[in-house]
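Single-letter residue listing:
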Amino acid sequence: MIKAALLASGQGSNAKALLEKESTLSDVSIELIITDNPHAGVIDIADNFNKPCFIYPKGKSSKNQHETLILETLHDFEVDWVLLAGYMRLLSEDFIKSFYCPTLKQSKILNIHPSLLPLHPGLNAYEKTYKYTPNQAGVTIHYVDSGMDTGKILIQEKFESLSENFEDFKKEGLKLEHRLYTKVLSQLSNISKEGHI
């Protein structure tokens, strides 16, 4: 059984999709959710799925202290994979190294990003895509390294949008996010061995 954790900062639509998918899988268990935002919608989602949820606001603690607390919790639950689902903090190199897998030559940390990387890394990717490159809209799931959305791409898919407003455009993107991330979750056992889908 592969044990995974979700790190999220926001409303948690990807977390909800992943938890719904996990309930149908026999080889993957989402053990817990961690958030840095005490007002995050993902807290209620965790409660609805009866999953432990740990709220660790950064507050006045240093980055190292904050990450140490998260790492201790992840190790207590013997987590194999960390899935970032709208987690709004860059992880340090030391954090990433703690999940490094020599077999994969990658960290066992994945992130989802709403653009066709390397286009539009960082914040506001939907807004930037809609404004500047609407014909190149898509979603990327990648391994996490110490850069800003620079890790090796695991899966990437484009979507054609006919939306005439930004809200509908983003809804189309979120549907693709949920489909791709749940696909990754369902194939995590194979990814753990091969490093790809």
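Before any of the text, the structure's been laid out above.
Anyway, here's the lowdown on the structure attached to this text.

About the criteria used
- Residues numbered from 1 in each chain as written.
- Predicted model: local features only at pLDDT ≥ 70, side-chain atom pairs only at ≥ 80, totals over all residues.
- Heavy atoms only, no water.
- Helix = DSSP H or I, 4+ residues; strand = E, 2+ residues; numbered from the N terminus.
- Buried < 20%, exposed > 50% of the residue type's maximum accessible area, 1.4 Å probe, protein only.
- Contact = heavy atoms within 4.5 Å.
- Expected span 1.5 Å × (residues − 1).
- Arc of directions from axis to C-beta.
- Pairing = 2+ DSSP bridges.
- Salt bridge = Lys/Arg side-chain N within 4 Å of Asp/Glu carboxyl O.
- Core = buried A, V, L, I, M, F, W, Y, C linked by side-chain atoms within 4.5 Å.
- Phe/Tyr/Trp six-rings, centres within 6.5 Å; stacked < 30°, edge-to-face > 60°.
- Axes fitted to C-alpha atoms, helices over the stretch in contact; angles between N-to-C directions.
- Parallel < 35°, antiparallel > 145°, perpendicular 65-115°, else oblique.
- Left-handed = near helix turned anticlockwise from the far one by under 90°.
- Nonpolar A, V, L, I, M, F, W, Y, C, P; charged D, E, K, R; others polar.

**Overview of the side chain of threonine 129**
Working step 1: Locating threonine 129 in the fold gives a position in helix H5 (residues 125–132).
Working step 2: Taking the relative accessible area as the measure of exposure, threonine 129 reaches 2% and is therefore buried.
Working step 3: Discounting residues that sit within four places of it in the chain, threonine 129 has contacts with Pro114, Ser115, His120, Pro134, Gln136, Ala137 and Phe169.

**Quick notes on helix H3 (residues 63–76)**
Working step 1: For H3, which comprises 14 residues, the first-to-last C-alpha distance of 20 Å matches the rise-based estimate of 20 Å (1.5 Å per residue) to within 8%.
Working step 2: Within H3, the full set of buried residues consists of His66, Glu67, Ile70, Leu71, Thr73 and Leu74. Viewed along the axis of H3, the buried residues span an arc of 160 degrees, placing them on a single side of the element. Looking at H3, the residues exposed on the side facing more than 90 degrees away from the buried face are Asn64 and Asp76.
Working step 3: Buried residues along H3 sit in contact with strand S1 (2–8), strand S2 (28–35), strand S3 (53–55), strand S4 (81–84) and helix H4 (93–97).
Working step 4: Phi for glutamate 78, located one or two positions after H3, is positive at around 55 degrees.

**Digging into the pairing of strand S8 (residues 138–143)**
Working step 1: Burial runs high along S8: six of the six residues are buried.
Working step 2: Burial along S8 is two-sided: Gly138, Thr140 and His142 facing one way and Val139, Ile141 and Tyr143 facing the other are all buried.
Working step 3: Taken together, the four bridges between strand S7 (residues 109–113) and S8 define a ladder with antiparallel strand orientation. From the neighbouring strand, histidine 113 faces S8, where its bridge partner is threonine 140.
Working step 4: The sheet contact formed by S8 and strand S9 (residues 153–158) spans five bridges and is antiparallel. The residue of S9 that forms the bridge with histidine 142 is isoleucine 153.

**Observations regarding the pattern of salt bridges**
Working step 1: For the coordinates displayed, the defined rule picks out seven salt bridges.
Working step 2: The closest approach of N and O atoms between lysine 51 and glutamate 22, which form a salt bridge, is 2.9 Å. One end of the pair, lysine 51, is in the loop between helix H2 (42–48) and S3; the other, glutamate 22, is in helix H1 (residues 13–22), with 29 residues separating them in the sequence.
Working step 3: The class of lysine 51 is buried, set by a relative accessible area of 18%.
Working step 4: Glutamate 22 gets classed as buried once you look at its relative accessible area, which sits at 10%.
Working step 5: Lysine 63 is the partner of glutamate 67 in a salt bridge, and the nearest nitrogen-oxygen pair spans 3.8 Å. With glutamate 67 and lysine 63 both in helix H3 and four residues apart, this pair spans about one turn of that helix.
Working step 6: A residue is classified by how much of its surface remains accessible, and glutamate 67, at 7% relative accessible area, is buried.
Working step 7: Overall, the relative accessible area of 38% leaves lysine 63 in the partly exposed class.

**Some thoughts on the nonpolar core**
Working step 1: Counting 39 residues, the largest nonpolar core has Trp81, Leu110, Ile141, Tyr181, Val184 and Leu188 as the members making the most contacts within it.
Working step 2: Take this core: its biggest share by element is six residues, from helix H6 (residues 166–186).
Working step 3: Once residues lying within four places of it in the same chain are set aside, the contact partners of leucine 110 are Trp81, Val82, Leu83, Leu84, Ile141, His142, Tyr143, Val144, Leu154, Tyr181, Val184 and Leu188.
Working step 4: The next biggest cluster of nonpolar side chains, apart from the first, holds 18 residues, and it includes Leu7, Leu74, Val79 and Ile96.

**Structural notes on the packing of aromatic side chains**
Working step 1: Here the structure, examined in full by the defined rule, presents nine aromatic pairs.
Working step 2: Here the aromatic rings of tryptophan 81 and tyrosine 143 are separated by 6.4 Å at their centres, their planes lie at 40 degrees, and the arrangement is tilted. Of this pair, tryptophan 81 sits in strand S4 while tyrosine 143 is found in strand S8, placing the two residues 62 residues apart along the sequence.
Working step 3: The exposure class assigned to tryptophan 81 is buried, which follows from its relative accessible area of 0%.

**Some words on the packing of H5 against H6**
Working step 1: Running from N to C, H5 and H6 point in directions that differ by 120 degrees, and their axes come no closer than 10 Å. By the angle class used here, H5 and H6 are oblique. Here H5 runs over H6; the crossing is right-handed. In contact with Tyr126, Glu127, Thr129 and Tyr130 of H5, H6 contributes Phe166, Phe169, Lys170, Gly173, Leu174 and Glu177.
Working step 2: When its residues are assigned to classes, the contact of H5 with H6 shows five nonpolar, two polar and three charged.

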